Amino acid sequence: MTTQSGNCNGDMHPIAHIYQLLPCRRGWKDHRTPLEQLQMKQLDAQSEALIAPIDQAAMLEDAQSWSAINTGTANLDGLAEMAGTLADAFTALPGDVKLVEPAPVTAVGADGREFDKQHGQHLTLSVRPNAERRLLFTGHMDTVFPKESSFQNQTWLEDGVLNGPGLADMKGGIAVFLHALKAVEQSEFAHRIGYDVLINSDEETGSLASAPLIETMAQGKYAALTYEPSALPDGTLAHARGGSGNYSLIITGKSAHAGRNPQDGRNAIVAAASLVLGLKQLQTDECPVNPAKIEGGAANNVVPDHAVLRFNIRPKSPDAAQQFEAALAALVGDVKQAHEVDIHQHGGISRPPKPVDRKAQRLFDLVRDCGASLGQTIGWQSTGGVCDGNNIASCGVPVVDTMGVRGGAIHSSDEYMIVDSLSERAALSALVIHRLASGEEL
Ligand SMILES: [Zn+2]
């Protein structure tokens, strides 16, 4: 969850959760219920052969070496190093790895001026693009921890639980899909399926520099898997997600002397205040609105001619998002007229709400079934957090977006990864890919 955009899962887990999850971790390893053991035996020989090459030690080595590279979204040097390292790692798969320039993104300063925001390159890979059925795998290489963050190192909290920046969110997840795909490529059914991989560099600030690329790459895909960490440390997936929008309203009035001719002034701060009150009126259960900051103003003896108002919305459905946008346009028009100011709108909804439709539900069911055959019990729950899964779903592509490792306390220096979950989730992905390659209909 970022301060501005609220990304990733948004489901924070205090460190205390580690102690709650440990029995669960052992439960997967050592204490399977008789039913689960029975289900485990149901793994057919083909599936056994498919997951056999998954190399837990190699996965951990990848996740640890990637965590050691600082990739805060604004750390362009770190991101460049990471992109190069990932490009090398992904040459293990067929197809050409490409580094793609970020889309231009502007932000608004406190003075109301727009400026360019720099981002790192994104990594893409296309494998068998002419296959009839194609999938999309996505992850992000950036983290919320800036270059100057004090959280740079890894610490074993105890056997099997590793604390470190980006391990769960989501360098461990990148290892999960890389190794799942390596296993798939060694199987005889690999030729039946094509896929694209996208690892973007700006997910943690809302994917503004990769949104057009996500949209392009989602086109024509049968299904997508995104490797955010599980919503809960027990492996629970995030199901439906609300959306998120970030706005800046730049208000320009007219300055005047506060004593001599205040009637000639047009007060931008008063107009901003009026917008704030109006925005709170627009809030509904279906669309929380959070006016977050007013910047601007002038000296006490000057009618201020400038203000910037920033706010976030969390629409729970596409309808709620549409209704808000229409109501906002009307509110801005009213305030413009009433206060005789100019209002320029910057930003908007960058994460559309992600309802789970019939096809997406079938993909969830498929993941659950594949988990069951591995002896993993997989459930799901809705969340207020957002991620690239929102953008993929808005292209009409079924997506499960928490296929990454089990872990928790993401976006804090307590972030941890449950190490066994690397191979556990890679096996899960490999089975899901196998079923989709075998013609499973969604
Ligand atoms: Zn993430």
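Every residue gets a number counted from 1 within its own chain, in the order that chain's sequence is written. Per-residue local features of the predicted model are confined to residues with pLDDT of at least 70, and side-chain atom pairs are confined, for both listing and counting, to 80 or more; whole-chain, interface and lining totals are unaffected and use all residues.

**Section: the overall build of the chain**
Helix and strand assignments come from DSSP, with helices taken as H or I runs of at least 4 residues and strands as E runs of at least 2, each series counted from the N terminus. A count of helices and strands for the chain gives 12 helices and 18 strands. Only C-alpha atoms enter the radius of gyration; for comparison, a globular chain is expected to reach 2.2 Å times N to the power 0.38, where N is the number of residues. In terms of overall dimensions, the chain is globule-like: its C-alpha atoms have a radius of gyration of 24 Å, near the 22 Å expected for 442 residues. Reported as C-alpha extents along the three principal axes, the dimensions of the chain are approximately 90 × 45 × 40 Å. Across the chain, contacts joining residues at least 24 apart in sequence account for 81% of those joining residues at least 6 apart. Two residues qualify as being in contact provided that their C-beta atoms, derived from the backbone, are within 7 Å of each other.

**Side note on the sheet that holds strand β14 (residues 342-351)**
Two strands are said to pair when DSSP picks up at least two bridges between them. The strand order across the open sheet formed by 4 strands is β12-β13-β11-β14, and the pairing between neighbours is antiparallel. Of all strands in the sheet, those with a lone pairing partner are β12 (289-296) and β14, marking the two edges. Across this sheet, the average inter-strand angle for adjacent strands is 15 degrees, counted without regard to direction. Two elements, β12 and strand β13 (residues 306-313), share 7 bridges in a ladder whose sense is antiparallel. Fitting a line to C-alpha atoms yields each axis, with helices limited to the stretch in contact; the angle taken between N-to-C directions then spans 0 to 180 degrees.

**Quick look at the pairing of β13**
Within β13, 6 of the 8 residues are buried, leaving the element largely enclosed by the surrounding structure. Pairing of strand β11 (residues 244-252) with β13 involves 8 bridges; the strand directions are antiparallel. Among the inter-strand pairings, Ile251 is bridged to a residue of β13, identified as Ala307. To sort residues by exposure, count the other C-beta atoms lying within 10 Å of each residue's C-beta; 20 or more gives buried, 12 or fewer gives exposed, and values between give partly exposed, all with C-beta atoms placed from the backbone.

**Re the nonpolar core**
Each nonpolar core consists of buried Ala, Val, Leu, Ile, Met, Phe, Trp, Tyr and Cys residues. Their C-beta atoms, within 7 Å, join them into a set. If you look at the biggest cluster of nonpolar residues, it comprises 82 residues, and the most contacted ones within it are Leu135, Leu136 and Ala430. Ranked by residue count, the leading element in this core is helix α6 (residues 167-185), at 12 residues. Beyond its immediate chain neighbours, meaning those up to four positions away, Leu136 contacts Tyr195, Asp196, Leu198, Met217, Ala218, Lys221, Ala224, Ile392 and Val397. Judged by nonpolar contacts, the second largest core, of 25 residues, contains Ile251, Leu275, Phe311 and Ala321.

**With respect to the environment of Leu50**
Assignment of secondary structure puts Leu50 in helix α3 (residues 45-51). Judged by the 23 C-beta atoms lying within 10 Å of it, Leu50 is buried. For Leu50, the residues in contact, after removing those within four places along its chain, are Ala183, Ser187, Ala430 and His434.

**Observations concerning the domain arrangement of the chain**
Its domain assignment divides the chain into domain 1 (16-242 + 354-437) and domain 2 (244-351). Bear in mind that the domain bounds are from an automatic or database domain assignment. Between the C-alpha centres of domain 1 and domain 2 there is a distance of 38 Å. Domain 1 puts 14 residues into the contact, and the matching count from domain 2 is 14 residues.

**A closer look at unusual backbone geometry**
Between Asp169 and Met170 the backbone carries a cis peptide bond, its omega angle lying at -10 degrees. In this fold, Met170 is placed in helix α6. A positive phi angle, close to 60 degrees, is found at Ser207, a residue other than glycine. A count of 30 C-beta atoms within 10 Å places Ser207 in the buried class.

**Re helix α4 (residues 56-67)**
For α4, spanning 12 residues, the distance from its first C-alpha to its last is 16 Å, which sits close to the expected 16 Å at 1.5 Å a residue. Listed as buried for α4 are Met59, Asp62, Ala63, Trp66 and Ser67. Along the long axis of α4, the arc covered by the buried residues comes to 125 degrees, so they all point the same way. Opposite the buried face of α4, at more than 90 degrees from it, the exposed residues are Ala57 and Glu61. Buried residues along α4 sit in contact with α5 (76-90), α6, β18 (416-418) and α12 (421-437). One fewer than the residue count of a helix, multiplied by 1.5 Å, yields its expected span. Summarising the geometry, the arc corresponds to the directions from the helix axis toward the C-beta atoms.

**Here we look at the environment of Ala372**
Mapped onto the elements, Ala372 comes out in helix α10 (residues 358-373). Overall, Ala372 belongs to the partly exposed group, with 16 C-beta atoms counted inside 10 Å. As a C-alpha pair, Ala372 and Ala272 span 100 residues in sequence and 54 Å in three-dimensional space.

**Remarks on the packing of α4 against α12**
Their axes nearest at 9 Å, the elements α4 and α12 cross at an angle of 110 degrees. As judged from the angle between their axes, α4 and α12 are roughly perpendicular. The residues of α12 that touch α4, namely those facing Gln56, Met59, Leu60 and Ala63, are Leu422, Ser423 and Ala426. Only Asp, Glu, Lys and Arg are considered charged in this grouping, and only Ala, Val, Leu, Ile, Met, Phe, Trp, Tyr, Cys and Pro are considered nonpolar; every other residue, Gly among them, is considered polar. Of the residues assigned to the contact of α4 with α12, the class counts are 5 nonpolar, 2 polar and no charged. With respect to orientation, any angle under 35 degrees is reported as roughly parallel, any angle over 145 as roughly antiparallel, any angle of 65 to 115 as roughly perpendicular, and every other angle as oblique.

**Observations concerning α12**
An ideal rise of 1.5 Å per residue puts 24 Å on 17 residues; α12 measures up with 24 Å between its terminal C-alpha atoms. Counting buried positions along α12 gives 16 out of 17 residues, so the element sits mostly inside the fold. Looking one or two residues beyond α12, the residue adopting positive phi is Gly439, at roughly 95 degrees.

**A word on the packing of α4 against α6**
Packed helix pairs are specified by the crossing angle of their axes together with the interaxial distance, meaning the distance between the axes. Two numbers describe how α4 lies on α6: the axes approach to 9 Å, and their chain directions differ by 140 degrees. Taken together, the axes of α4 and α6 are oblique relative to one another. Here α4 runs over α6; the crossing is right-handed. In this structure, α4 contributes Ala58, Met59, Asp62, Ala63, Trp66 and Ser67 to the contact, and α6 contributes Leu167, Lys171, Gly172, Ile174, Ala175, Leu178 and His179. Helix crossings are classified by the rotation of the near helix relative to the far one: an anticlockwise turn of less than a right angle makes the crossing left-handed, while a clockwise turn makes it right-handed.

**Describing the sheet that holds β18**
Here we have 4 strands laid out as an open sheet, ordered β6-β7-β18-β17, and antiparallel in their pairing. Edge strands, defined here as strands with exactly one partner in the open sheet, are β6 (155-158) and β17 (407-408). The pairing of strand β7 (residues 161-163) with β18 spans 3 bridges and is classified as antiparallel. Of the residues in β18, the one forming a bridge with Asn163 is Tyr416.

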